[in-house]
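Summary of the model geometry
Okay, here's what each chain looks like letter by letter:
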Amino acid sequence: MKTRAAIAWEPNMPLEIDLVDLEGPKEGEVLVRIVTTSLCHTDMFTLSGHDPEGRFPCILGHEGVGIVEDVGKSVTSVVPGDHVIPLYIPEDPNCPMIRSGKTNLCSTIRETQALGLMPDGTSRFSYKGRQIFHYMGTSTFSEYTVLPEIAVAKITKDAPLAKASVMGCAVPTGMGAVRNAAKVEPGSTVAVFGLGAIGMAVIQGAVMAGASRIIGVDTNPAKFLLAKNLGATDLVNPTDHTDPIQKVIVEMTGGGVDYSFEAIGRVDVMRAALESCHKGWGECTVIGVAGAGEEISTRPFQLITGRVWRGTAFGGVKGRSQLPGMVDEWLAGKFSVDPYITHNMTHNQINKAFDLLHRGEAIRSVMHY
Ligand code: NAD
Ligand code: AHE
Ligand code: ZN
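These lines cover the structure that appears in this document, whether it is placed above or below. (Residues numbered from 1 in each chain as written. Chains lettered and ligands numbered in written order. Predicted model: local features only at pLDDT ≥ 70, side-chain atom pairs only at ≥ 80, totals over all residues. Heavy atoms only, no water.)

**Observations regarding the environment of R4**
- Relative to the helices and strands, R4 is located in strand β1 (residues 2-7).
- Residue R4 is classed as partly exposed on the basis of its relative accessible area of 26%.
- Each C-alpha atom, one on R4 and one on L195, is 32 Å from the other, the two residues being 191 residues apart in sequence.
- Aside from chain neighbours lying at most four places away, what touches R4 is I17, D18, L19, F141, S142, E143, H347, N348 and Y369. (Helix = DSSP H or I, 4+ residues; strand = E, 2+ residues; numbered from the N terminus. Buried < 20%, exposed > 50% of the residue type's maximum accessible area, 1.4 Å probe, protein only. Contact = heavy atoms within 4.5 Å.)

Here it is in structure tokens:
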């Protein structure tokens, strides 16, 4: 079949909308019609050419929601008509990583996914006979996409598809980082570095966890109003201070925060976030994705004196067994996704979404097919 898709032909070039050939689902795969998709910083990061796993030409997009249109042989868990969220971290109950019970990092199809291919080592996308790579196993910037059955989470049909795309990455990543990685307790102090959608979801998660103080940090003060509305108690712009930001936060909190989160992808800020933590127990969770060749460093003394550095992908959320429950929480009014959606546009306007995110003007742009 043909599908309308935004093709990333090479790094740092605008995406081109065109009709692409898509092969139907093979055994264990499903065909999904994406209804809405939103733009995450990670798509922009890969387009920048700094992602060591970025392969071109490809169809980007990993934050979306859609409807199952067709299923391949042996698919049993979804049927046409089901509403699903594509998962860039699948959940295969037979995967040893999942069976360990210790992680959400399912490894069943990780190798081929990183190569931009389906589990059988081929791509379903092509353009005039030329292979186009998948991206993060999801490629939601195509109206129709093919995914392994283990990479779709079936959600309730009550969830409005016009808004649910942000449940594909931003919300579970930030909230999950608070709940599953840091395990923030009531009364904790929290610092959030980077107030994009991920940082905002950390704030929302920290409020829900009962944090007593939530310090939002961003170099773009345009982000402060939303962060405050979501529950940040303090807002700090590092450029307003001559001291390093970690010194500012340690002074503000009388020794450092209990939990910090880096949601930017800058290794210097990852260090600052660790060093903003309280001696003896402060824990820093890295969420931001840094470019190829980047490394983090600090004085080992920071760790010897009780601070902890950790990271998380997709907030530690297991997509098939836990994400549907988070969607239910949203629908039950435990939190709202509305604040994340600053822009709505058509899929044809996708390059505008990149511009808005790049300029720091959007939290999430939701694109409607
Ligand atoms: P975003 O671009 O919307 O937000 C980043 C924010 O960081 C912006 O508000 C920007 O002003 C701020 N910022 C930039 N430099 C700064 C600095 N030096 N100090 C303070 N603030 C600064 O991005 P996003 O979509 O929220 O994603 C954030 C990061 O999280 C990205 O690196 C993304 O790739 C990553 N991410 C990781 C996961 C995961 O599973 N680990 C999931 C989603 C996104
Ligand atoms: N390909 C990059 C790493 C990118 C990365 O860390 N991706 C996150 C999700 S970001 C979503 O917005 C992730 O899931 N990581 C776990 C995994 O297995 O990829 C690189 O550096 O090679
Ligand atoms: Zn993302």
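Additional details are given in the paragraphs that follow.
**So, the sheet that holds β1**
- Strand order across the open sheet formed by four strands is β1-β2-β6-β7, with antiparallel pairing between neighbours. The open sheet terminates on both sides in strands that have one partner only, identified here as β1 and β7 (130-132). Geometrically, the sheet is characterised by an average inter-axis angle of 50° between neighbouring strands, direction not taken into account.
- Relative to β7, strand β6 (residues 125-127) runs antiparallel, the two sharing three bridges. (Pairing = 2+ DSSP bridges. Axes fitted to C-alpha atoms, helices over the stretch in contact; angles between N-to-C directions.)

**Section: the site of ligand 1**
- In the vicinity of ligand 1, 28 residues are found, and the nearest of them are H41, T42, D218, I287 and F314.
- Between ligand 1 and the protein, one listed contact pairs an oxygen atom with a backbone N or O atom of V289 at 3.0 Å.
- Between ligand 1 and the protein, one listed contact pairs a nitrogen atom with a backbone N or O atom of T312 at 2.9 Å.
- Its free accessible area being 870 Å², ligand 1 has 89% of it covered by the protein chains.
- Contributions of two or more residues to the shell around ligand 1 are made by α1 (41-47) and α5 (197-208).
- Each of two domains, domain 1 (2-163 + 337-368) and domain 2 (173-313), supplies a minimum of three residues to the shell around ligand 1. (Near = heavy atom within 4 Å. Polar contact = N/O pair within 3.5 Å; in protein donor to acceptor, adjacent residues only side chain to side chain. Areas by Shrake-Rupley, 256 points an atom, 1.4 Å probe, with all protein chains shown as cover. Domains from an automatic or database assignment.)

**Some points on the packing of aromatic side chains**
- Summed over all chains, the structure comprises three aromatic pairs.
- Aromatic pair W9 and Y127: ring centres 5.3 Å apart, planes at 75°, arrangement edge-to-face. You can see W9 sitting in the loop between β1 and β2 (16-22) and its partner Y127 sitting in strand β6, a full 118 residues away along the chain. (Phe/Tyr/Trp six-rings, centres within 6.5 Å; stacked < 30°, edge-to-face > 60°.)

**Remarks on the site of ligand 2**
- Every one of the 13 residues lining ligand 2 counts as a neighbour, but T42, D51, E53, H62 and R110 are closest to it.
- Contacts to ligand 2 include H62, whose side-chain N or O atom sits 3.1 Å from an oxygen atom.
- Surface burial for ligand 2 is 73%, taken as the share of its 530 Å² of free accessible area covered by protein chains.

**Side note on the nonpolar core**
- Grouped together as the largest cluster of nonpolar side chains are 90 residues, with contacts concentrated most on F141, M167 and F261.
- For this core, the element with the most residues is α5, which contributes seven residues.
- A domain-level breakdown of this core finds at least three residues from each of domain 1 (2-163 + 337-368) and domain 2 (173-313).
- Counting 18 residues, the second largest nonpolar core, distinct from the first, contains V217, I245, M270 and C277. (Core = buried A, V, L, I, M, F, W, Y, C linked by side-chain atoms within 4.5 Å.)

**Let's talk about the coordination of the zinc ion (ligand 3)**
- Within the protein, C40 (SG), H62 (NE2) and C169 (SG) serve as the donor atoms for the zinc ion (ligand 3), at 2.0 to 2.3 Å.
- Relative to the metal, the four donor atoms surrounding the zinc ion (ligand 3) lie at angles of 96 to 127°, and the coordination shape comes out tetrahedral.
- Between the donor residues of the zinc ion (ligand 3), the gaps in sequence give the motif C-x21-H-x106-C. With H62 in the loop between α1 and β4 (63-71) and C169 in the loop between β9 (152-155) and α4 (170-182), this residue pair connects regions lying 107 residues apart in the sequence.
- By relative accessible area, which is 0% here, H62 ends up buried. (Donors = N, O, S within 2.8 Å, 3.2 Å for Na, K, Ca; no water. Tetrahedral: all angles 85-135°; square planar, octahedral: opposite > 155°, others 65-115°.)

**Remarks on the pattern of salt bridges**
- Under the criterion given, the structure shown has 18 salt bridges.
- A salt bridge links R110 to E53; the shortest N-O distance between them is 3.1 Å. Of this pair, R110 sits in helix α3 (residues 110-114) while E53 sits in the loop between α1 and β4, placing them 57 residues apart in sequence.
- A residue is classified by how much of its surface remains accessible, and R110, at 40% relative accessible area, is partly exposed.
- Here D243 makes a salt bridge to K247, at a shortest N to O gap of 3.4 Å.
- When salt bridges with common partners are traced through the structure, they connect K26, E29, D120 and R124 into a single cluster. (Salt bridge = Lys/Arg side-chain N within 4 Å of Asp/Glu carboxyl O.)

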